[in-house]
Amino acid sequence: MWTSPFSDNGMESERAFMKNVKRVFVKVGTAVVTRADGRLAVGRLGALCEQLKELNSQGYEIVLVTSGAVGLGRQRLRYRKLVNSSLADLQNPQYELDGKACAAVGQSSLMALYDTLFSQLDVSSSQHLVTDNDFRNGSFRKQLSETVKSLLALKVIPIFNENDAVSTRRAPYEDSSGIFWDNDSLAGLLALELQADLLVLLSDVEGLYSGPPSDPNSKLIYTYIKEKHQGEITFGDKSRLGRGGMTAKVNAAVCAAYAGIPVVITSGYATDSIIKVLQGKQIGTLFHQDAHLWTSLKEVGAREMAVAARECSRRLQAMHSDDRRKILLDIADALEANESLITVENEADVAAAQDAGYEKSLVARLALKPGKIASLAKSIRVLAEMEEPIGHVLKKTELADGLILEKTSSPLGVLLIVFESRPDALVQIASLAIRSGNGLLLKGGKEAKRSNAILHKVITSAIPKNIGEKLIGLVASREDIPDLLKLDDVIDLVIPRGSNKLVSQIKESTKIPVLGHSDGICHVYVDKSAKVDMAKRIVVDAKTDYPAACNAMETLLVHKDLSSNGLLSELIMELQHEGVTLYGGPRASSLLNIPEAHSFHHEYNSMACTVEIVDDVQAAIDHIHQHGSSHTDCIVTENHEVAEIFLNGVDSAAVFHNASTRFCDGARFGLGAEVGISTSRIHARGPVGVEGLLTTRWVLRGSGQVVDGDKGVIYTHRDLAL
């Protein structure tokens, strides 16, 4: 019996302990507290205090360890020296200010600001300046614990800082001797002394990277495993203002974590990073004493996954066409053989989505209805029987005598598909990738994680070992997507299938070419010459056959003459009889007495649509261009001249005459399956099947020819028969 990996395990559960956290220590560094010019970063401090106030009101016990006093004091003393300097003083080089004096001046200013900010938020805070020597006194440590315990019971936020002004450390920025040696190690020490449940170290970067964050090849480490990462990480420059930097934070985090206090290093620039950490979100870098036990659960890095998919795809491309075809047939058989397992996992996803209160349209897309597995298996077999797409000679040219050039079809390489809700999309996309010889990385929606996991397991188990199951990678966490979108050197195409927000976010976040559509606002225009029965059949089918599909009708446009001859009323009655909720444009809403639509540019994905009345076919075309999404639009008319005006005038990926918009589908077009429907105008448009996942390359066959300035070459450029 196969067990879903999402029951209680997996990467998402590594931070499940956050739900038991109560006492939280937060350390904020100089680079977060101050700006590059040394002045206080009031906006960042305000956002930090707002987060701490929110957590305090939720019942968390908050302790803050802050740096910044020395940097702030230095800035103020430099300004004061400048104001009091004579012209002669200004002509001489400035001497270095005493660090202890800077600390003394800066501490009062820093604490005054914290007090002001917290007071505005109706939160009380307290100041605690400590030195290394204080912790050598057992009585001090006991009293410290009792005092902090009392303050936390009163919902006061204690604020700690090292008292550099009176520290006996020989050189505060160089001496690393003693019980603690900077505010990072002080935070770790306090977390242990005062029994914290979690320590959060705020930095000026998102967390710990495998190399300097400025290096594009560095990647964020979500879980630090000492045995793996200790010798692999290359640190960048230390903090621009403080004494520590990332090296100090990692040292403090390792000490605290291996003493039993979980630690997260994350960005202090984000306005909600601490809240997200406590929500269990996978942000920043987690240090935990049990991290080495999670090595069997840890994710494969984004780059490693993409590189593995490319290597497997090259082996796939080298296979004989019949062997590639057999893989698809084996996958179809495996899906049918495991239908019961797939159904169990899918039903669990559907039940969870319903319990979570997801919209009915999403639940509808999520469900694998009876007969769906058989339908998917059939489409895969159709795909397997199609003409071999790889290495197909598209053009053959004789460049010169004995020099033959061929333009051939070739796989794109590695595809990244991000899709929401529909687990059947995984099957279609995987089969198309195999048929076209491409490597594939898949990221499905969390609402379909069980369905996607079992489908991925069934499909990859049918891939021969000499190719490798890593041909198709299933991305486990949403947090992996940003890393994947940076890999423009190993991922060749991104295809997002989902909401407008998803597609827009991906387009804005990557240099990799993106193929997809953002909305499916499809129109049916019923012209004045349309046949009544035909119009009713097409309109009802386009809306109700599968309302959640991107090719379902969202707007019905009707010629103005139909409002007087009764056809408009018949169409409205037919839709209402089917249970469709109607909204109107300005003209239709007043005439039909239906609610007015908030916007024409709206994708319902449900049993609802917009109705509007237009003057003629040109008005319909103008409406579609203004409010549509260039997906699929249809005209119902018996006037062929009007039909041609519509078909030639509407600039959409698919335009139909007297046929439902629901026909815009890869399987119905005979493509076998589709990875999605593209509204782009570059590379592929409309339903994207195997052909849309191919590019071209040139193969030149010669017999020793050289260019040599073209002295001895007589070009013929003659087209040859294929």
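Residues numbered from 1 in each chain as written. Predicted model: local features only at pLDDT ≥ 70, side-chain atom pairs only at ≥ 80, totals over all residues. Heavy atoms only, no water.

Draft legend 1. Structural detail: the overall build of the protein chain. Looking only at helices and strands, the protein chain has 25 helices and 24 strands in total. Viewed in the frame of its principal axes, the protein chain has a C-alpha envelope of about 95 × 80 × 70 Å. Buried residues in the protein chain amount to 53% of all 722 residues. Put simply, of all contacts in the protein chain between residues at least 6 apart along the chain, 74% involve residues at least 24 apart. As displayed, the protein chain offers around 33,000 Å² of accessible surface, 49% of which is attributable to carbon and sulfur atoms. (Helix = DSSP H or I, 4+ residues; strand = E, 2+ residues; numbered from the N terminus. Buried < 20%, exposed > 50% of the residue type's maximum accessible area, 1.4 Å probe, protein only. Contact = heavy atoms within 4.5 Å. Areas by Shrake-Rupley, 256 points an atom, 1.4 Å probe, with all protein chains shown as cover.)

Draft legend 2. Up close: the sheet that holds strand 9 (residues 393-400). The strand order across the open sheet formed by four strands is 23-10-9-24, and the pairing between neighbours is antiparallel. Edge strands, defined here as strands with exactly one partner in the open sheet, are strand 23 (694-701) and strand 24 (715-719). Strand after strand, the sheet turns through a mean of 25° between neighbouring axes, direction not considered. Of the pairings in the sheet, the one linking strand 9 to strand 10 (residues 403-411) comprises six bridges and is antiparallel in character. Opposite Ala400, over in strand 10, you have Leu403 as the bridge partner. (Pairing = 2+ DSSP bridges. Axes fitted to C-alpha atoms, helices over the stretch in contact; angles between N-to-C directions.)

Draft legend 3. Region of interest: the sheet that holds strand 18 (residues 608-614). Ordered in space as 17-18-16-15-19-20, the six strands form an open sheet in which the pairing is parallel. Unpaired on one side and paired on the other, strand 17 (581-584) and strand 20 (654-657) mark the two borders of the sheet. Neighbour to neighbour, the strand axes of the sheet diverge by 20° on average, direction disregarded. The pairing of strand 17 with strand 18 spans four bridges and is classified as parallel. Within strand 18, the residue paired with Gly584 across the bridge is Val611. Across the face of the sheet, helix 24 (residues 617-627) comes into contact with strand 15 (522-526), strand 16 (553-559), strand 18 and strand 19 (632-636) while running at roughly 170° to strand 15.

Draft legend 4. Spatial organisation of helix 17 (residues 449-461). In a regular helix each residue adds 1.5 Å, so 13 residues correspond to 18 Å; helix 17 covers 18 Å between its end C-alpha atoms and thus fits that length. Buried within helix 17 are the following residues: Ser451, Asn452, Ala453, Ile454, Leu455, His456, Val458, Ile459 and Thr460. Tucked inside the fold, the buried residues of helix 17 contact helix 12 (321-337), helix 13 (339-355), strand 11 (414-419), helix 16 (424-436) and strand 13 (472-474). (Expected span 1.5 Å × (residues − 1).)

Draft legend 5. Local environment of helix 20 (residues 532-544). Between its first and last C-alpha atoms helix 20 spans 18 Å; for 13 residues at 1.5 Å apiece the expected length is 18 Å, and the two agree. Those residues of helix 20 that sit buried are Met534, Ala535, Lys536, Ile538, Val539, Val540, Ala542 and Lys543. Those residues of helix 20 that are buried are in contact with strand 15, strand 16, helix 22 (567-577), strand 18 and strand 19.

Draft legend 6. How the structure looks around the nonpolar core. Grouped together as the largest cluster of nonpolar side chains are 49 residues, with contacts concentrated most on Leu335, Leu440 and Ile472. Taken together, the elements giving at least two residues each to this core come down to helix 11 (302-318), helix 12, helix 15 (372-384), strand 11, helix 16, strand 12 (439-443), helix 17 and strand 14 (493-497). With near-sequence residues (within four places) excluded, Ile472 lies in contact with Ala430, Ile434, Leu440, Leu442, His456, Ile459, Thr460 and Ile463. Residues Phe17, Leu48, Leu55 and Leu202 belong to the second largest nonpolar core, which totals 37 residues. (Core = buried A, V, L, I, M, F, W, Y, C linked by side-chain atoms within 4.5 Å.)

Draft legend 7. Up close: the environment of Pro262. Counting through the fold element by element, Pro262 comes out in the loop between helix 9 (246-257) and strand 7 (263-267). The exposure class of Pro262 is buried, given its relative accessible area of 9%. Through-space distance from the C-alpha of Pro262 to that of Asp290 is 9.5 Å; in sequence the pair is 28 residues apart. If sequence neighbours within four positions are ignored, Pro262 has contacts with Phe17, Asp197, Leu198, Leu199, Phe287 and His288.

Draft legend 8. Layout of the pairing of strand 15. Counting buried positions over the five residues of strand 15 gives five, a clear majority of the element. Across five bridges, strand 15 lies against strand 16 in parallel orientation. Across the sheet, residue His523 finds its bridge partner in strand 16, namely Thr555. Note that the unit made of strand 15, helix 20 and strand 16 has a crossover that is right-handed. (Right-handed = clockwise from strand over helix to strand, strands pointing away.)

Draft legend 9. Just the pattern of salt bridges, in detail. Inspection of every chain in the model, using the stated rule, returns 25 salt bridges. Here Asp272 makes a salt bridge to Lys276, at a shortest N to O gap of 3.7 Å. A relative accessible area of 31% places Lys276 in the partly exposed class. For the salt bridge of Glu406 with Arg701, the shortest nitrogen-to-oxygen distance reads 3.4 Å. Separated by 295 residues along the polypeptide, Glu406 in strand 10 and Arg701 in strand 23 bring together distant segments of the chain. Shared partners join several salt bridges into a network, and the residues in it are Lys27, Asp184 and Lys249. (Salt bridge = Lys/Arg side-chain N within 4 Å of Asp/Glu carboxyl O.)

Draft legend 10. Just the environment of Ala165, in detail. Turning to its location among the elements, Ala165 is positioned in the loop between strand 4 (157-162) and helix 7 (183-193). You can call Ala165 partly exposed: its relative accessible area is 26%. Those residues in contact with Ala165 that lie beyond four places of it in its chain are Lys100, Ala103 and Ala104.

Draft legend 11. Structural detail: the packing of helix 2 (residues 42-57) against helix 5 (residues 99-120). Two numbers describe how helix 2 lies on helix 5: the axes approach to 10 Å, and their chain directions differ by 50°. Classed by the angle they form, the pair helix 2 and helix 5 counts as oblique. Judged by the sense of rotation from one axis to the other, the crossing of helix 2 with helix 5 is right-handed. Across the interface between the two elements, Leu45, Gly46, Leu48, Cys49 and Leu52 from helix 2 touch Leu113, Tyr114, Leu117 and Phe118 from helix 5. (Parallel < 35°, antiparallel > 145°, perpendicular 65-115°, else oblique. Left-handed = near helix turned anticlockwise from the far one by under 90°.)

Draft legend 12. A look at a positive patch on the surface. A contiguous patch of positive charge on the surface is contributed by Lys281, Lys446, Arg478 and Lys501. Relative to the assigned elements, Lys446 resides in the loop between strand 12 and helix 17. (Patch = residues over 30% accessible without salt bridge, like charges linked within 9 Å, V, L, I, M, F, W, Y side chains within 5 Å. Lys, Arg positive; Asp, Glu negative; His and termini not counted. Charge placed at Lys NZ, Arg CZ, Asp CG, Glu CD.)

Draft legend 13. Expanded view of the pairing of strand 10. Taking burial as the measure, the nine residues of strand 10 include seven buried ones, the bulk of the element. Adjacent in sequence and paired antiparallel, strand 9 and strand 10 are bridged by two residues, among which Gly402 carries a positive phi angle near 80°. Where strand 10 lies against strand 23, eight bridges are found, and the strand directions are antiparallel. Across the sheet, residue Ile404 finds its bridge partner in strand 23, namely Arg701.

Draft legend 14. Focus on the confidence of the model for the protein chain. For the protein chain, per-residue confidence averages 87 on the pLDDT scale, and 90% of positions sit at 70 or higher. Throughout residues 238-243 the model reports pLDDT below 50, and contacts reaching past four residues in sequence, or to other chains, amount to 24 contacts. (pLDDT = per-residue confidence, 0-100.)

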